[in-house]
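Descriptive analysis of the structure
Read off the chains here:
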Protein chains: 4
Amino acid sequence: MTRNRERIVQAARTLVSVGGFREAQVAAVAAEAGVSTGLIYRYFPSKTELFVEVLTVAIDAEIVILRGAAAAHTDARDQLGAAIEAFVRRALAGPALAYAFIAEPVDPEVDAERIRGRRRFGEVFRDILLAGIERKEFPAQDADVTAACIVGAFTEALVGPVAPILREKTAGPAQLVESIREVCLRAAGSVG
Amino acid sequence: MTRNRERIVQAARTLVSVGGFREAQVAAVAAEAGVSTGLIYRYFPSKTELFVEVLTVAIDAEIVILRGAAAAHTDARDQLGAAIEAFVRRALAGPALAYAFIAEPVDPEVDAERIRGRRRFGEVFRDILLAGIERKEFPAQDADVTAACIVGAFTEALVGPVAPILREKTAGPAQLVESIREVCLRAAGSVG
Amino acid sequence: MTRNRERIVQAARTLVSVGGFREAQVAAVAAEAGVSTGLIYRYFPSKTELFVEVLTVAIDAEIVILRGAAAAHTDARDQLGAAIEAFVRRALAGPALAYAFIAEPVDPEVDAERIRGRRRFGEVFRDILLAGIERKEFPAQDADVTAACIVGAFTEALVGPVAPILREKTAGPAQLVESIREVCLRAAGSVG
Amino acid sequence: MTRNRERIVQAARTLVSVGGFREAQVAAVAAEAGVSTGLIYRYFPSKTELFVEVLTVAIDAEIVILRGAAAAHTDARDQLGAAIEAFVRRALAGPALAYAFIAEPVDPEVDAERIRGRRRFGEVFRDILLAGIERKEFPAQDADVTAACIVGAFTEALVGPVAPILREKTAGPAQLVESIREVCLRAAGSVG
DNA sequence: TATGAATGAGTGTTCATTCAT
DNA sequence: CATGAATGAACACTCATTCAT
């Protein structure tokens, strides 16, 4: 059944988001998914491949959402704001995705996928920035650097070590979303 | 001899910066330091404690440098720019510190120290921001959020996945340092 | 269908001759035979039983051929020479049978069958030798020992480690067949 | 201690000779040697390397003995006879060496060493044969083929499946040694 | 009869930690 | 103080066998 494959991926994702790669042993994934360890190897050639897929799937989904949120607007500024807000809102909803982005995966191959994921996130913002710069909505700047900074910024603010404190301090999620959005928009040079 | 203790910490730091926590086994640290594995346990109760100290020492040193760089200026804008530039320049000089900040440490306790380190970095920027806001150099904003974003921003731009590409693309380190500084200053609301 | 049974045995035989017992897993046999793994267990109670049959069938066929080759002659010397030649020629034609005879089977039970096979090969030669000794074609000797030595001799020359070199060196298969035949005939005491 | 290394090799050798490679798991070797499994990896990079050494050491020792036995004589016939006798006597003394020569080791690398061993045994006999042929003690023949056959012959007679029966049947070890020696000498063309 | 998904015990290997010297 | 040999629990992965469909 292809249902088991999904169960395995989901179990792996859950374990990573809760306890990091460190606690996501094959046996634990199997237990979480309610299957035997051997079954995991029917669907994935190795633990590495499983976690590469976990990351890929998670990132793909987020990328789609980001681009979708941006596509609902025409102004680059609104696109940027919407993409950031979409990302932040989702991240605040649960720890599922968060951990994977700051984690140093045990395996270099998984790490490569994580790196690719961050790069792809950056590309979403870079595209928006480039269009905005061309339309004079943003000042001239190195869009790649700004995009990387934006990714780093909300990653840190959301899933980084400061996040728990920020969440407590700021008056509810809406407030935090708004703060992050403003910082990132300013970083892009958009005059608020 | 307390000299051995230093040699061990230095060896551990070297190994982490070169190959990450993954390749920094106790035996490897001992070999790098030129001591026996047993000796490490005379100075540190566990591998975890050793790496907590490695991080603490490294972060302490950076904090001092950051604050020192900022103290050379009076304008908040200049302080912020100097602190960022100091951090970025040092990070570009070598991988020594960089890796430790995005790495997911093997051990939760080490992770806790890493988190504390990032928070302390954030505090440096928060203090500068708060002073600047009070003096109307920066617009009203949540200084904690902005500070976290700044830490995330240059961490990503420096040691994140995009870094290698950025380094190749931008015309030399000086160019990259400048780009990052500008983004962060804009993020703080400083009109360039 | 009994056709499936044959297909399974044939597939197992092919895999063993190509890659040894090591690569002849049940799943691989099933794939090679174009059936499911489960079907194998409908015909054989265990993997062991399957490979015991593989060996038995292969050896039976060879024994028949050996005896047939010998039966075409009346002189013991010619019988011995013909039997050896028949075996050697067949072995040189393909690796099919060869591997199974020096291989240490995974399973003691399969090993027992292999041992039985070699013994039965020895008996073919022992019978020829005994008849030859009685007719004074061969000198008095321990026919069992000589027979075992003959089996060992051509097994080594054919499938042992020296085989590849011998095949390259000697001028074609015909030459090697002749050399082995001569050595074995001399071993039996037949004056060439 | 280098004593442990020897204990490990000896334990591995014992297990192989008693139960074959199949029963010589790392844990079993450790138990037999009275050490922990981890200690084995202090001396050997892998299970494979351990068993390669076990074979190499065993074969080296036998080769020295074979050549030594032959060196005590001047006639090629006597040399050949002495070498065979030496090998056979030792083999009859215990199962230690025996199993390793017919076993198909689990690992290709170990198998390669086994193959090399048999080849080196063959070379001992080939050298003796070549000298004897030159001195007209033996008739013209393919010395490589004869050497391979001799190795195969006594391997089969000694450690092959027929061995147990031969041992029971023949009147004591001395008798069997003599029979094998005679067969091999005849195979070389030496007129007894 | 036939399938092949599912099982889970077993194996080689790593590495933080200890302790006799 | 200092050594480094020794430990052993833990982990990824394999594969013969079973059984619901």
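Taking an unreviewed UniProt entry as the reference, chain A is identified by name as AcrR family transcriptional regulator belonging to Luteimonas terrae.

Once that is clear, we can look at helix α5 (residues 76-93) of chain B. For α5(B), with 18 residues, the first-to-last C-alpha span of 26 Å sits near the 26 Å given by 1.5 Å per residue. Listed as buried for α5(B) are Ala76(B), Gln79(B), Leu80(B), Gly81(B), Ala82(B), Ala83(B), Ile84(B), Ala86(B), Phe87(B), Val88(B), Ala91(B) and Leu92(B).

Take the protein's contact with DNA strand F next. The immediate surroundings of DNA strand F are formed by 31 residues, with Gln25(A), Tyr41(A), Lys47(A), Asn4(D) and Tyr43(D) found nearest. Among all atoms of DNA strand F positioned within 4 Å of the protein, those belonging to sugar or phosphate total 65%. In the environment of DNA strand F, a phosphate oxygen lies 2.6 Å from a nitrogen or oxygen atom belonging to the side chain of Lys47(A). Of all the elements in the fold, those that place two or more residues in the surface near DNA strand F are α3 (37-43) of chain A, α3 (37-43) of chain B, α3 (37-43) of chain C together with α3 (37-43) of chain D. Taken together, the residues of the surface near DNA strand F sort by class into 12 nonpolar, 15 polar and four charged.

Residues and elements named next belong to chain A. For the coordinates displayed, the defined rule picks out eight aromatic pairs over all chains. Taking the centre distance of 5.2 Å and the plane angle of 90° together, the rings of phenylalanine 87 and phenylalanine 121 count as edge-to-face. Here phenylalanine 87, found in helix α5 (residues 76-93), pairs with phenylalanine 121, found in helix α7 (residues 108-134); they are 34 residues apart in sequence, far enough to count as distant. The exposure class of phenylalanine 87 is buried, given its relative accessible area of 7%. A relative accessible area of 2% places phenylalanine 121 in the buried class.

UniProt's entry tags residues 25-44 of chain A with the feature "DNA-binding region" (unreviewed entry), counted in the numbering of this structure. With 75% helix and 0% strand, residues 25-44 of chain A has end C-alpha atoms that lie 14 Å from one another.

Next up on the list: the packing of helix α1 (residues 2-19) of chain C against helix α2 (residues 26-33) of chain C. Residues and elements named next belong to chain C. α2 packs onto α1 with a crossing angle of 115° between their chain directions and a minimal axis gap of 8 Å. For the pair α1 and α2, the crossing hand works out as right-handed. Across from Arg7, Ile8, Ala11, Ala12, Thr14 and Leu15 in α1, the residues of α2 making contact are Ala28, Val29, Glu32 and Ala33. For the contact of α1 with α2, the class distribution of residues is seven nonpolar, one polar and two charged.

This part takes up the protein's contact with DNA strand E. With respect to spatial proximity, 30 residues lie near DNA strand E, and among them Asn4(A), Tyr43(A), Gln25(D), Tyr41(D) and Lys47(D) are the closest. Restricting the count to atoms of DNA strand E within 4 Å of the protein gives a sugar and phosphate share of 64%. One of the side-chain N or O atoms of Tyr43(C) is found 3.2 Å from a phosphate oxygen in DNA strand E. Elements with a minimum of two residues in the surface near DNA strand E: α3 of chain A, α3 of chain B, α3 of chain C together with α3 of chain D. A breakdown of the residues in the surface near DNA strand E according to their chemical character gives 12 nonpolar, 14 polar and four charged.

Below, the discussion takes up unusual backbone geometry. Excluding glycine, residues mostly have negative phi values, and the peptide bonds linking residues are mostly trans. Residue and element names in this part refer to chain A. Backbone geometry at lysine 136 places phi at a positive 65°, although glycine is not the residue there. By the secondary structure assignment, lysine 136 is in the loop between α7 and α8 (143-159). Note on lysine 136: relative accessible area 74%, which makes it exposed.

Scanning the model with the defined rule gives 41 salt bridges over all chains in all. Put simply, Arg67(B) and Asp127(B) hold a salt bridge, and the shortest N to O gap is 3.4 Å. One end of the pair, Arg67(B), is in helix α4 (residues 47-71); the other, Asp127(B), is in helix α7 (residues 108-134), and 60 residues separate them in sequence. Residue class for Asp127(B) comes out partly exposed when judged on its relative accessible area of 30%. For Glu137(D), the salt bridge goes to Arg135(D), with nearest N and O atoms at 3.0 Å. Residues joined in a network through salt bridges with shared partners are Arg67(A), Arg126(A), Asp127(A) and Asp144(A).

Cut-offs used in this document
Residues numbered from 1 in each chain as written. Chains lettered and ligands numbered in written order. Predicted model: local features only at pLDDT ≥ 70, side-chain atom pairs only at ≥ 80, totals over all residues. Heavy atoms only, no water. Helix = DSSP H or I, 4+ residues; strand = E, 2+ residues; numbered from the N terminus. Expected span 1.5 Å × (residues − 1). Buried < 20%, exposed > 50% of the residue type's maximum accessible area, 1.4 Å probe, protein only. Near = heavy atom within 4 Å. Polar contact = N/O pair within 3.5 Å; in protein donor to acceptor, adjacent residues only side chain to side chain. Nonpolar A, V, L, I, M, F, W, Y, C, P; charged D, E, K, R; others polar. Phe/Tyr/Trp six-rings, centres within 6.5 Å; stacked < 30°, edge-to-face > 60°. UniProt positions renumbered as here; feature names shortened; annotations may be inferred. Axes fitted to C-alpha atoms, helices over the stretch in contact; angles between N-to-C directions. Left-handed = near helix turned anticlockwise from the far one by under 90°. Contact = heavy atoms within 4.5 Å. Salt bridge = Lys/Arg side-chain N within 4 Å of Asp/Glu carboxyl O.

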